[in-house]
Amino acid sequence: MELLEKPCGGSGHFAETLPDTSANQCRNRPMASYQSLLSADPPPAFAYIEPPFEFNSQNVSKYPPEVTGSLVLNSISRRLGWHSLAGMRLLDLGCGVRLARAIVNLQMPIGLYAGVDVNAASIAWLKENVQDARLRFEHLDMHNALYNPAGAHPADDELSRRGLTGFDAACMLSVVTHQDPDDTRKLLRMLHACVRPGGQLYFTAFLDEAIEAYVDKEAGQPRAWTSYNPDFLIGLVAECGWAVKAIYAGSVLHQPALVCDRL
Ligand SMILES: C[S@@+](CC[C@H](N)C(=O)[O-])C[C@H]1O[C@@H](n2cnc3c(N)ncnc32)[C@H](O)[C@@H]1O
């Protein structure tokens, strides 16, 4: 009993006489050196990106883009019924820079992320600065009264003929909210050619049952805020080879969202 009260590192005589219980192992073990304990993790396997662009509204952009970007990506994945984003191929039309920031800077899992946008400067920046083989970017020159007034009128196969095909899903976040019905039809048809049979579409839109079909709500600023009657939009989506299967109401950081199957 007296021996057990002697401190660790005492004389060899005491150490030898201690029973080899787990409580006494530290007293019997030689002290490890700093160098023998030291190890290091490999450097982070990503190059942080900070694109000099901001496309989101004030209530969204007051949060870091990685915060809202990862939140949105995880919602999309869950609402599409995916177990996770790992291995999935997602085409983001009207991508801006937010989801790319989240995927790269937070090293989120994904099979392939293709971002397409009418903004030539942001797409050029992303092509130049994103060194992550899972991400690809394409500029689309398409007319939009707000974002690209001098733009062209691309064919339905404009994206698919550039090899953007076989995607598990396409998404448009805060993009249809800036399109008239003809441009929305065009985008839906282009995406139909990019998504594999059995694939899905996720997009946000402002919905208003009180209007007849479609309203451009911001007087004097075309396409700043477009709103659709939900049944009109469901019919328009069906014209373009998709079937709406779920609609999620909007919340603080989410616009109302529609989930569709490719027919
Ligand atoms: C409000 S921002 C949203 C950006 C991004 N989706 C997000 O949620 O962070 C709208 C984006 O759609 C792009 N856009 C608008 N019309 C487009 C079109 N017809 N084709 C491709 N991109 C378009 C704009 O350039 C802009 O980047």
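Residues numbered from 1 in each chain as written. Predicted model: local features only at pLDDT ≥ 70, side-chain atom pairs only at ≥ 80, totals over all residues. Heavy atoms only, no water.

**Q** Kindly report on the packing of aromatic side chains, identifying the contributing residues and their values.
**A** All told, the structure shown has five aromatic pairs when counted by the stated rule. Taking the centre distance of 6.2 Å and the plane angle of 5 degrees together, the rings of phenylalanine 53 and phenylalanine 55 count as stacked. With a centroid separation of 6.4 Å and an interplanar angle of 65 degrees, the aromatic rings of tyrosine 113 and phenylalanine 137 are classed as edge-to-face. You can see tyrosine 113 sitting in strand β2 (residues 112–117) and its partner phenylalanine 137 sitting in strand β3 (residues 135–139), a full 24 residues away along the chain. Through a chain of ring-to-ring contacts, the aromatic side chains of Tyr214, Tyr228 and Phe232 assemble into a single cluster. Directly above the ring of tyrosine 248 sits arginine 79, whose terminal nitrogen or CZ lies 4.1 Å from the centroid. A cation sits over an aromatic face here: arginine 89 above phenylalanine 167, 5.1 Å from the ring centre. (Phe/Tyr/Trp six-rings, centres within 6.5 Å; stacked < 30°, edge-to-face > 60°. Helix = DSSP H or I, 4+ residues; strand = E, 2+ residues; numbered from the N terminus. Lys NZ or Arg CZ within 6 Å of the ring centre and 35° of its normal.)

**Q** Got a sec to walk through the sheet that holds strand β1 (residues 89–93)? Specific residues and values, please.
**A** One open sheet holds the seven strands; their spatial order is β3-β2-β1-β4-β5-β10-β9, and the pairing between them is mixed. Single-partner strands in this sheet number two, and they are β3 and β9 (242–248). Along the sheet, successive strands turn relative to each other by an average axial angle of 20 degrees, direction set aside. Packing of helix α6 (residues 98–105) onto the sheet brings it into contact with β1, β2 and β3, and relative to β3 it is tilted by some 160 degrees. Each of β5 (195–204), β9 and β10 (257–262) is contacted by helix α9 (residues 230–239), which is oriented at about 145 degrees to β9, the strand it contacts most. (Pairing = 2+ DSSP bridges. Axes fitted to C-alpha atoms, helices over the stretch in contact; angles between N-to-C directions. Contact = heavy atoms within 4.5 Å.)

**Q** Give a detailed account of the pattern of salt bridges, specifying residues and quantitative values.
**A** Enumeration according to the criterion identifies 14 salt bridges in this entry. Here aspartate 216 and arginine 223 are joined by a salt bridge, their closest N and O atoms 2.5 Å apart. Residue class for aspartate 216 comes out partly exposed when judged on its relative accessible area of 27%. Beyond isolated ion pairs, a larger network of salt bridges with shared partners links Arg136, Glu138, Glu158, Arg161 and Arg162. (Salt bridge = Lys/Arg side-chain N within 4 Å of Asp/Glu carboxyl O. Buried < 20%, exposed > 50% of the residue type's maximum accessible area, 1.4 Å probe, protein only.)

**Q** Help me get a handle on the sheet that holds strand β6 (residues 206–207), residues and values and all.
**A** Two modes of strand pairing occur in sheets, parallel and antiparallel, and in both the strands are linked by backbone hydrogen bonds. Taken together, the three strands give an open sheet; going across it, the order is β6-β8-β7, and neighbouring strands pair in mixed fashion. Across the chains shown, the open sheet's two edge strands, defined by having one partner strand only, are β6 and β7 (214–216). Of the pairings in the sheet, the one linking β6 to strand β8 (residues 226–228) comprises two bridges and is parallel in character. When the bridges of β8 are listed, phenylalanine 206 appears paired with serine 227.

**Q** Any details on the site of the ligand? Residues and values, ideally.
**A** Residues in close proximity to the ligand total 19 residues, the closest being Asn56, Gly94, Arg98, Asp117 and Leu173. At a separation of 2.8 Å, an oxygen atom of the ligand approaches a polar side-chain atom of arginine 98. Aspartate 117 has a polar side-chain atom sitting 2.5 Å from an oxygen atom of the ligand. Coverage of the ligand by the protein chains reaches 98% of its 590 Å² of free accessible surface. Its atoms largely coinciding with the cavity grid, the ligand occupies the largest pocket. Class assignment for the residues of the shell around the ligand results in 10 nonpolar, seven polar and two charged. (Near = heavy atom within 4 Å. Polar contact = N/O pair within 3.5 Å; in protein donor to acceptor, adjacent residues only side chain to side chain. Areas by Shrake-Rupley, 256 points an atom, 1.4 Å probe, with all protein chains shown as cover. 1 Å grid on protein atoms, 1.4 Å probe; cavity = no way out; pocket = protein on both sides within 12 Å on 5 of 7 lines; lining within 4 Å. Sits in = over half its atoms within 2 Å of the grid points. Nonpolar A, V, L, I, M, F, W, Y, C, P; charged D, E, K, R; others polar.)

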